[in-house]
Amino acid sequence: MSDIQQQPPQPPQQPPPPPYQPRPRRRRRRTAVGLALAVAVAVAAGIVVDHAFLHSGTSSGPVAVQSSTGTASPERVNAGLVDIEVVLGYRGLQAAGTGIVLSPDGEVLTNNHVITGATRITATDVGNGRSYTATVSGYDRSHDLALLRLRGASGLTTEQLGDSGTLAVGDAVRAVGNAGGTGGTPTVANGSVIALGQSIVAGDSSSGDSEQLNGLIEVNANVQPGDSGGPLVNASGAVVGMDTAAAVDYQSQITGGQGYAIPIDQAVLVTSQIEAGKTSATVHLGSTAFLGVDVSPPAAPGFAGGAANGAEVVGVVAGSPAAQAGLADGDVITAVDTQTVTTADSLTGLISAHHPGDRVQLHWTDTAGQQHTAAVPLANGPAA
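Residues numbered from 1 in each chain as written. Predicted model: local features only at pLDDT ≥ 70, side-chain atom pairs only at ≥ 80, totals over all residues. Heavy atoms only, no water.

### Observations regarding the overall build of the protein
And then number 1: Within the protein one finds six helices and 24 strands.
And then number 2: Across the 384 residues that make up the protein, the buried fraction comes to 53%.
And then number 3: Accessible area for the protein stands at about 15500 Å²; split by element, carbon and sulfur atoms hold 50% of it. (Helix = DSSP H or I, 4+ residues; strand = E, 2+ residues; numbered from the N terminus. Buried < 20%, exposed > 50% of the residue type's maximum accessible area, 1.4 Å probe, protein only. Areas by Shrake-Rupley, 256 points an atom, 1.4 Å probe, with all protein chains shown as cover.)

Structure follows, in structure tokens:
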């Protein structure tokens, strides 16, 4: 969930890295909620993990919410989707998800966590089978939404958007997506609405990060890795939500037949704001600023001269702004400008509020307890 990246994989002659293990979580429960992005593969090392969860494009105008009356055939629903493949270049990973086509000229809605950290995004339109390079028009990390633009697209089949405000507990729904990240014919999981207005803490098992999501639709459909960004459709075939998270047993990494979706009404509001070029405390437009570190919470309270809060550097990208400023593994970033860094996620949020070329005052403490401050110009980076 961050534009803060790890160093590239080690050269082949180096010993292979140990098998991936998720970072420990504060609550030791067998079942948690995981973001439903597809399996991400560490290409060089051959590691398989569940990667559970910029320039502003030309707008075609606000997306209108269409009436959910009438019926939409499964073929039309399928034709209005794209399979999204991302390259997480700084981590040496690849991942996949799903997107909902909003306009014939290639405006696509998906989860922000699908494109987090992506250095290249490709979308294959299910309707015509063509692949397009995608750019990020804008995103909202707090609502886990992102708007993409497919370069050179035209004549695409669009999805029929419904009204999530009409949903009721017990309504039949289908979660459609790219389960397993294999592409091709979209997968379908049938179920029903079991709760509305739900709040969850969703975890990314590849990074140990988590995020709070609110106002979600809870369903008993078996949402799978790869379904992220796909449509939740009602009995009439209209999109009433966007597949986002699934209940996961973290010991076995198996989803538990329970899923969560963002109401489409909420997604349309954010999309319209991005199209209108309106930024806010949560909506980001344009290119993403890049610092060039991978971070985690400090190893222990009192680490590095008593810093109980902050973001510990566990990797620095060669040639990045962080490397040029002299940051190293083990340093703890404590503030950006005048704002305190309380967690690894808070650092992501502070950097994401900026744009490439912005200069920030970075404060950190090294492993010897020495405090440092430097003016750091941010680079152009991957999606946040």
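Following the structure, the description resumes.
### Considering the pairing of strand E6 (residues 107-110)
And then number 1: The alternating pattern of E6 places Glu-107 and Leu-109 on one face and Val-108 and Thr-110 on the opposite face, and all of these are buried.
And then number 2: Examined bridge by bridge, strand E5 (residues 93-101) and E6 share two bridges and lie antiparallel to one another. Directly across from Ile-100, in E6, lies its bridge partner Leu-109.
And then number 3: Counting the residues in the hairpin turn of E5 and E6 gives five residues, including Gly-106, whose phi is positive at 100°.
And then number 4: Judged from the four bridges that link them, E6 and strand E9 (residues 145-150) form a sheet pairing that is antiparallel. Paired with Val-108 across the bridge in E9 is Leu-148. (Pairing = 2+ DSSP bridges.)

### Things to note about the pattern of salt bridges
And then number 1: Tallied over the entire structure, the rule returns two salt bridges.
And then number 2: Between Asp-105 and Arg-149 there is a salt bridge, with the nearest N and O atoms lying 3.2 Å from each other. Taken together, the positions of Asp-105 in the loop between E5 and E6 and Arg-149 in strand E9 put the pair 44 residues apart, joining distant regions of the chain.
And then number 3: Take Asp-105: its relative accessible area is 32%, and that puts it in the partly exposed class.
And then number 4: A residue is classified by how much of its surface remains accessible, and Arg-149, at 11% relative accessible area, is buried.
And then number 5: Measuring nitrogen to oxygen at the nearest pair gives 3.8 Å for the salt bridge that ties Arg-149 to Glu-107. Residue Arg-149 is located in strand E9, and its partner Glu-107 is located in strand E6; the two are separated by 42 residues in the primary sequence. Taken as a pair, Arg-149 and Glu-107 share a single burial class, namely buried. (Salt bridge = Lys/Arg side-chain N within 4 Å of Asp/Glu carboxyl O.)

### Some thoughts on helix H6 (residues 344-352)
And then number 1: With seven of nine residues buried, H6 lies mostly within the body of the structure.
And then number 2: The set of residues buried in H6 consists of Ala-344, Ser-346, Leu-347, Thr-348, Leu-350, Ile-351 and Ser-352.

### So, the nonpolar core
And then number 1: Leu-109, Leu-145, Ile-200 and Ile-264 are the most contacted members of the largest nonpolar core, which totals 26 residues.
And then number 2: Of all elements in the fold, only E9, strand E11 (187-203), strand E12 (210-219), strand E14 (239-249), strand E15 (254-263), helix H3 (264-275) and strand E16 (283-285) reach the threshold of two or more residues within this core.
And then number 3: For this core, the element with the most residues is H3, which contributes five residues. (Core = buried A, V, L, I, M, F, W, Y, C linked by side-chain atoms within 4.5 Å.)

### Brief notes about the environment of Val-136
And then number 1: Looking at the secondary structure, you find Val-136 in strand E8 (residues 131-140).
And then number 2: As a C-alpha pair, Val-136 and Leu-150 span 14 residues in sequence and 9.1 Å in three-dimensional space.

### What about the pairing of strand E20 (residues 332-336)?
And then number 1: The buried count for E20 comes to four of five residues, which makes it a mostly enclosed element.
And then number 2: For strand E19 (residues 311-316) and E20, the ladder comprises two bridges, and the chain directions are antiparallel. Within the sheet, the bridge partner assigned to Glu-312 lies in E20 and is Val-332.
And then number 3: Here four bridges tie E20 to strand E22 (residues 359-365), and the two strands are oriented antiparallel to one another. The residue bridging Ala-335 from the neighbouring strand is His-363, located in E22.
And then number 4: The pairing of E20 with strand E21 (residues 339-340) spans two bridges and is antiparallel.

### As for H3
And then number 1: Counted at 1.5 Å a residue, the expected span for H3 with its 12 residues is 16 Å, and the 16 Å between its end C-alpha atoms agrees.
And then number 2: Considered for burial, the residues of H3 that qualify are Ile-264, Ala-267, Val-268, Val-270, Thr-271, Ile-274 and Glu-275. Summarising the axial view, the buried residues of H3 lie within an arc of 165°, below the 170-degree limit, and thus occupy one face. (Expected span 1.5 Å × (residues − 1). Arc of directions from axis to C-beta.)

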